[in-house]
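The chain contents come next:
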Amino acid sequence: MSTTPVLALRGICKRFGAVRALTDVELEIHAGEVVALVGDNGAGKSTLVKVITGVGPADEGVIEWNGRPVRIHRPHDAQTLGIAGVYQDLALCESLDVVGNVFLGHEICTAGVLDEVAMERRTRELELMDTLSIRIPSVRVPVASLSAGQRQTVAISRALLSDPKILILDEPTAALGVEQTAHFLDLIERLRERGIGVLLISHNLGDVKAVADQVAVLRLGRNNGFFDVLTTSQEQIVSSITGATDNAITHRKAWAWEAML
Amino acid sequence: MNKSEASDLNTTRAGGGTARAGPAADRRQSAEGEQGFRGYVSEITRKLRSGELGALPGVFSVVVIWTVFQILDHQFLSPRNLSNLSVDIVGTGLIAVGIVFVLLLGEIDLSVGSVSGLSAAVFAVFNVNNGVPEWLAVIAAVLVGAAIGAVQGFFFATIGVPAFVVTLAGLLAWNGLMLHVLGASGTINLRPQGLVYGLTNHYFHNTAAAYGLAALGTVAFFVTSYHDARRRRAAEVLARPLTEIAMRTGAVAVIAFAVAYVLNQFEGLPLALLIFLAVVVGLDFVLRRTKYGRKIFSIGGGVEATRRAGINVAWVRVSVFAVSGTLAALGGLFLASRVASVGQTAGSSILMINSIAAAVIGGVSLFGGRGRPWSALLGMLVIQSIASGMLLLGIQTTVQYMITGGVLLAAVVLDSLSRHSQKSHGRA
């Protein structure tokens, strides 16, 4: 794709003490593109998500938004740019009800007072509440009483509320049943049609092959190849994840780096 | 359901929501079908079964305590004793409201007793010893409380020292500072007929005051509930049926006018009670109807979720500890007013224990995210009733401490059990 990516990561590094969680990671997401981020446990996927969403900012590297470098130090920075995330641990508030969770941080107010009626009505009008066919008995039940799939509906509804340009989905289908997963993949298709850039983190290569346009592989905190889903076999991706074949291109890049140093 | 059907539903709903047969419409009806009195009863039984006890144990305790003491001593439910009770709960009650804020975060503030004593001492030294105008001394005392709360909150929220430890250090340090401020004499008597003296000694003798307040409260309750229900019905979301609103308003009216009647039998409406009610109503509004209050509840239910929602968690935490310090200072002034002096025993740790006990007995969860300022009032009523009854019967404070401790333990056990039960019912 020749257009400027909405979000681009250049040379991202992140350390936890002596451990290098991420080393020179590159990533590009264009509008209306679904990029799958895959990798084995401990490859640095969740760390990268935290870098993008401002939960755990990077130590080094540049983040570009529509071609211009930006700083993301806090979750608030990412939100203002238009990055929304649905996290692996879902990050919902147990003590609030569905409406409270969907609108957390974006409450509708009339004259400084919370407008519960407006929020409840808008929650019911949210597309997802119907289309994911995951039944929530009432939007006033506390989130604690919902099942994993239902919680995810709430989490995604919340992410979409702010009209994001980039949506990050961290292991979204892990807690879902077969039918729910199918609905969910439909949803991702629709997000793509709307022009939202989606970063999908998943262990399930079937899901990845079904919806993603590009696949970025992380291995031990480094890029280990970018693939076009249509032209790449699942075996190639797997071997790239496990390191059975080190990707030649990234290898050379790393070489070039070391030569410069 | 396919996409076109879904979007159809959405448009009809947005365009005035004409009734339309569809899976979603059916679902909505079944969810809202159980309304009216029967729905209300089944909702309550469901809540009780799953462990959402709310204010019920507190109300139950008050009824039991009042019955027992009335049988043992017929003076207990006399207008004089009840009127005194209503003033006695205010000082510690205000401190307990601050504790409610902190407990909603899932934290604890052990320093409130010492802060209240120090603030009262600051007021007394400024006003009585140095002749600073009373209003200025009051502002200084309250600011001291707020500043101490903010400092403790800062250590907790940004440096990450556990709140328990920070405020435990505060408990000792502020008590020391209070003794230092009070100086050699140790006790400062307040000026009689002054502003602070009047806080707990002024009564509105005109019977219209108490009845007027009761009427105002009832009308306000009805109007807000009715208005809310009408807006909800107009927006097609679940609304309280009119019969339920009428029943609730009736209950509020009975309690309000009974209290007004009893108070008018003695000296009339106490100023202290009026202020306390105003603070509780005001802060209840802040907690449940403003963005700020929503943030406090959300931190209590999940710090990480709140942080990721882009909310400045540290700021909210600091501000909540400042609120706690402010209310502790206010409470300290009322307590000083009650005994017309500030002495070395002011701000004892029994005060802190009572205020935390009051909040928990009133139904605030120690685990955060559950409770209301009204809990402070209810819990104080339980604790002060025990104290007052024991005093009437001439039982020593030693026994009183033991009983209050027992009640606190019972409340905490109940809180833990209810949380356990809520978990097993998937509600916590």
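This one's a predicted model, so the numbers in the text were calculated from it and none came from an experiment. (Residues numbered from 1 in each chain as written. Chains lettered and ligands numbered in written order. Predicted model: local features only at pLDDT ≥ 70, side-chain atom pairs only at ≥ 80, totals over all residues. Heavy atoms only, no water.)

J.: Help me get a handle on the pattern of salt bridges, residues and values and all.
T.: A side chain of one charge can pair with a side chain of the opposite charge if their charged atoms are brought near each other. Residue and element names in this part refer to chain A. Under the criterion given, the structure shown has 19 salt bridges over all chains. The salt bridge partner of Asp 77 is Arg 74, with a shortest N-O separation of 3.4 Å. The exposure class assigned to Asp 77 is buried, which follows from its relative accessible area of 18%. On the basis of relative accessibility, which here comes to 46%, the residue Arg 74 falls in the partly exposed class. Arg 192 is paired through a salt bridge with Asp 213; the nearest N and O atoms lie 2.7 Å apart. With Arg 192 in helix α7 (residues 178–193) and Asp 213 in the loop between α8 (205–211) and β11 (214–219), the pair connects residues that are 21 residues apart, well separated along the chain. Here the salt bridges share partners, and the residues they tie into one network are Arg 10, Glu 28 and Glu 64. (Salt bridge = Lys/Arg side-chain N within 4 Å of Asp/Glu carboxyl O. Buried < 20%, exposed > 50% of the residue type's maximum accessible area, 1.4 Å probe, protein only. Helix = DSSP H or I, 4+ residues; strand = E, 2+ residues; numbered from the N terminus.)

J.: Explain the packing of aromatic side chains to me, and be specific about the residues and the numbers.
T.: Residue and element names in this part refer to chain B. Scanning the entire structure with this criterion turns up six aromatic pairs over all chains. Ring plane angle 75° and centroid distance 5.9 Å describe the contact between Phe 154 and Phe 155, whose orientation is recorded as edge-to-face. By relative accessible area, Phe 154 is classed as partly exposed at 42%. Taking the relative accessible area as the measure of exposure, Phe 155 reaches 38% and is therefore partly exposed. Above the ring of Phe 367, the side-chain terminus of Arg 419 is found at 4.6 Å from the ring centroid. (Phe/Tyr/Trp six-rings, centres within 6.5 Å; stacked < 30°, edge-to-face > 60°. Lys NZ or Arg CZ within 6 Å of the ring centre and 35° of its normal.)

J.: Kindly report on unusual backbone geometry, identifying the contributing residues and their values.
T.: All names here are of chain A. Phi angles above zero are rare outside glycine, and Asp 24 is one such case at about 45°. Residue placement: Asp 24 occurs in strand β2 (residues 19–29). Overall, Asp 24 belongs to the partly exposed group, its relative accessible area being 26%. Residues other than glycine seldom take positive phi values, yet Asp 163 does so here, at roughly 55°. Within the secondary structure, Asp 163 is located in the loop between α6 (148–161) and β9 (166–170). Given the relative accessible area of 55%, Asp 163 is considered exposed.

J.: Kindly report on the packing of helix α5 (residues 79–104) of chain B against helix α12 (residues 271–289) of chain B, identifying the contributing residues and their values.
T.: Residue and element names in this part refer to chain B. Closest axis-to-axis distance for the α5/α12 pair is 9 Å, and the angle between their directions is 15°. As far as their axial angle goes, α12 and α5 are roughly parallel. Crossing of α5 over α12 shows left-handed handedness. Across the interface between the two elements, Ser 86, Val 87, Ile 89, Val 90, Gly 93, Leu 94, Val 97, Phe 101 and Leu 104 from α5 touch Ala 272, Leu 273, Phe 276, Val 279, Val 280, Leu 283 and Leu 287 from α12. (Axes fitted to C-alpha atoms, helices over the stretch in contact; angles between N-to-C directions. Parallel < 35°, antiparallel > 145°, perpendicular 65-115°, else oblique. Left-handed = near helix turned anticlockwise from the far one by under 90°. Contact = heavy atoms within 4.5 Å.)

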